[in-house]
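# A look at the structure
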Amino acid sequence: MCARIRSLAELTYGKDDYQQGFRPPEDAIVYCENLIKLYKIGDIEVMALQGLDLVINKGEFIAIIGNSGSGKSTLLNSIGGLDRPTAGRIYVNGINLLKLDPKQMSRYMRETVGFVWQNTARNMVPYLTAIENVKLIMQLAGKVDEERAKMLLDEVGLSHRMNSKMFELSGGEQQRVAIAIALANNPPILLADEPTGAVDTKTTAQIMDLFSRINKELGVTVIVVTHDRQLSHMVPRVVTISDGRIGTEFIRHAEMSHDTEEMLNATAGHDSGSHVEYAFIDGRHRIFIPESYLEKAGIKPNSKVGITMDGEKIVLEKAAQEKE
């Protein structure tokens, strides 16, 4: 009889990686390198991810922001095991996702990631109570812990609603139950796809505050994917995605507030100086420059730019032949 496999990482991270001289960074819980995803629609091929590079460290609270069609949902689904990249490398919690067979992937999704969806009907079984929904996920993993289920609902502020069904809960309460469900099996990563898309501004601030507290108190890595750029003021690290690759990053330089009123002001963009913006140079030396910057510099798409060194600075400017 074969020895029992103690972890997915033991099964999927082994000789091939070491022989190739590659190992993901020790602190990285998500590591994507040159990630490519092709979809075929009829005779047309669509490249949803175009050589994307991204590193997310253990214990981070990060938002991935992009417009519809930018590739953000494809990236989230790839991290969550719902979609398989066409090429590149993707490691999550030390696990090489491209090596998993369907059975192993199912185990990975039960043990490593928790999901919170915008569509609440996707988060909860409507005819079960809140606590029954949490225990159902535990049952699927083979171990029901009644006390932990109660603790999770208390953690999201809904211990008084544990016997309520979905139709008896407000939109914000449903999302908070969804977060408790996502944490049922104690996953190291929480993935949230447009979690505030169907709630009002005040409830948005409450949900984002809850994510922040879960991140700090439970040590869970939280990854929020959204098109709402106002959320960028409420997250320590923000990565923008455009045309299937990383654009710019925003890093918060001040401690986040847990006061709902202050978070509402942040959502409204009243603390625009809270983050520092960085350009991102990927593994193929590509750099994304925001459209607003190009407009201010008078640089048009598909045009040449002058590039010079000024000490340690790299200066881009409109090329001489492009100037009026």
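Residues numbered from 1 in each chain as written. Predicted model: local features only at pLDDT ≥ 70, side-chain atom pairs only at ≥ 80, totals over all residues. Heavy atoms only, no water.

So, about helix H8 (residues 171-182). If you check H8, its first and last C-alpha atoms are 17 Å apart, about what 12 residues at 1.5 Å a residue would give, namely 16 Å. Of all the 12 residues making up H8, 10 are buried; the element is thus mostly covered by neighbouring parts of the structure. For H8, the complete set of buried residues consists of Gly172, Glu173, Gln174, Gln175, Val177, Ala178, Ile179, Ala180, Ile181 and Ala182. Looking at the buried positions of H8, the neighbouring elements they touch are strand S6 (113-117), helix H5 (120-123), helix H6 (130-140), helix H7 (146-155), strand S7 (189-193) and helix H9 (201-218). (Helix = DSSP H or I, 4+ residues; strand = E, 2+ residues; numbered from the N terminus. Expected span 1.5 Å × (residues − 1). Buried < 20%, exposed > 50% of the residue type's maximum accessible area, 1.4 Å probe, protein only. Contact = heavy atoms within 4.5 Å.)

What follows deals with a nonpolar patch on the surface. Taken together, the side chains of Ile281, Ile287, Ile289, Tyr293, Val305, Ile307, Met309, Ile314 and Leu316 define a hydrophobic patch exposed on the protein surface, amounting to about 870 Å² of accessible area. Per element, the largest residue contribution to the nonpolar patch is three residues, and it comes from strand S12 (residues 305-310). Within the secondary structure, Ile287 is located in the loop between strand S11 (275-279) and helix H11 (291-297). (Patch = residues over 30% accessible without salt bridge, like charges linked within 9 Å, V, L, I, M, F, W, Y side chains within 5 Å. Areas by Shrake-Rupley, 256 points an atom, 1.4 Å probe, with all protein chains shown as cover. Salt bridge = Lys/Arg side-chain N within 4 Å of Asp/Glu carboxyl O.)

What follows covers the pattern of salt bridges. Scanning all chains against the criterion turns up eight salt bridges. As a salt-bridge pair, Arg237 and Glu60 come within 2.9 Å of each other at their nearest N and O atoms. Taken together, the residues span a long stretch of sequence, with Arg237 in strand S9 (residues 237-242) and Glu60 in the loop between strand S2 (44-57) and strand S3 (61-65) at a distance of 177 residues. Arg237 gets classed as buried once you look at its relative accessible area, which sits at 10%.

An order of S2-S1-S4-S5 is seen for the four strands of this open sheet, with the pairing classed as antiparallel. Only two strands of the sheet have a single partner each, and these edge strands are S2 and strand S5 (95-96). Inspection of the sheet shows strand S1 (residues 28-41) paired to strand S4 (residues 87-92) by five bridges, in the antiparallel sense. From the neighbouring strand, Cys32 faces S4, where its bridge partner is Ile90. Its contacts with the sheet put helix H3 (residues 72-80) on S1, S2 and S4, and the angle it makes with S2 is roughly 65°. (Pairing = 2+ DSSP bridges. Axes fitted to C-alpha atoms, helices over the stretch in contact; angles between N-to-C directions.)

A separate point is the side chain of Lys37. Position of Lys37 among the secondary structure elements: in strand S1. Its relative accessible area of 10% is what places Lys37 among the buried residues. At 2.8 Å, the side chain of Lys37 forms a polar contact with the backbone oxygen of Arg84. When sequence neighbours within four positions are dropped, the list of residues in contact with Lys37 reads Val46, Met47, Ala48, Leu49, Thr74, Asp83, Arg84, Pro85 and Thr86. (Polar contact = N/O pair within 3.5 Å; in protein donor to acceptor, adjacent residues only side chain to side chain.)

Let us look at the sheet that holds strand S10 (residues 245-252). Strand order in the open sheet made by the seven strands is S6-S7-S8-S3-S9-S10-S11, with mixed pairing throughout. Two strands in the sheet have a free side with no partner beyond their single neighbour: S6 and S11. Pairs of neighbouring strands in the sheet enclose a mean axial angle of 20°, with direction left out of account. Alignment of S7 against strand S8 (residues 221-226), held across five bridges, turns out to be parallel. Bridge pairing links Ile189 to Thr221 in S8. Sheet strands in contact with H3 are S3, S6, S7, S8 and S9, and its direction is about 150° off that of S7. The sheet contacts of H8 involve S6 and S7, and relative to S6 the element is tilted by about 165°.

By the element assignment, Lys304 lies in the loop between H11 and S12. Relative accessible area serves as the criterion here: at 56%, Lys304 is assigned to the exposed category.

This brings us to empty space enclosed by the protein. Any empty space left between atoms is shown by rolling a water-sized probe over those atoms. Under the counting rule described, the total for this entry stands at one cavity of 30 Å³ or more. Taken as a whole, the largest cavity encloses approximately 40 Å³ of empty space. Taken together, Gly51, Leu52, Asp53, Arg245, Ile246, Phe280, Asp282, Arg286, Ile287 and Phe288 make up the lining of the largest cavity. Taken together, the elements giving at least two residues each to the lining of the largest cavity come down to S2 and S10. (1 Å grid on protein atoms, 1.4 Å probe; cavity = no way out; pocket = protein on both sides within 12 Å on 5 of 7 lines; lining within 4 Å. Points joined across faces, edges and corners; volume = space filled by probe spheres on them.)

In short, the description is geometric, and any link to function would need to be established separately.
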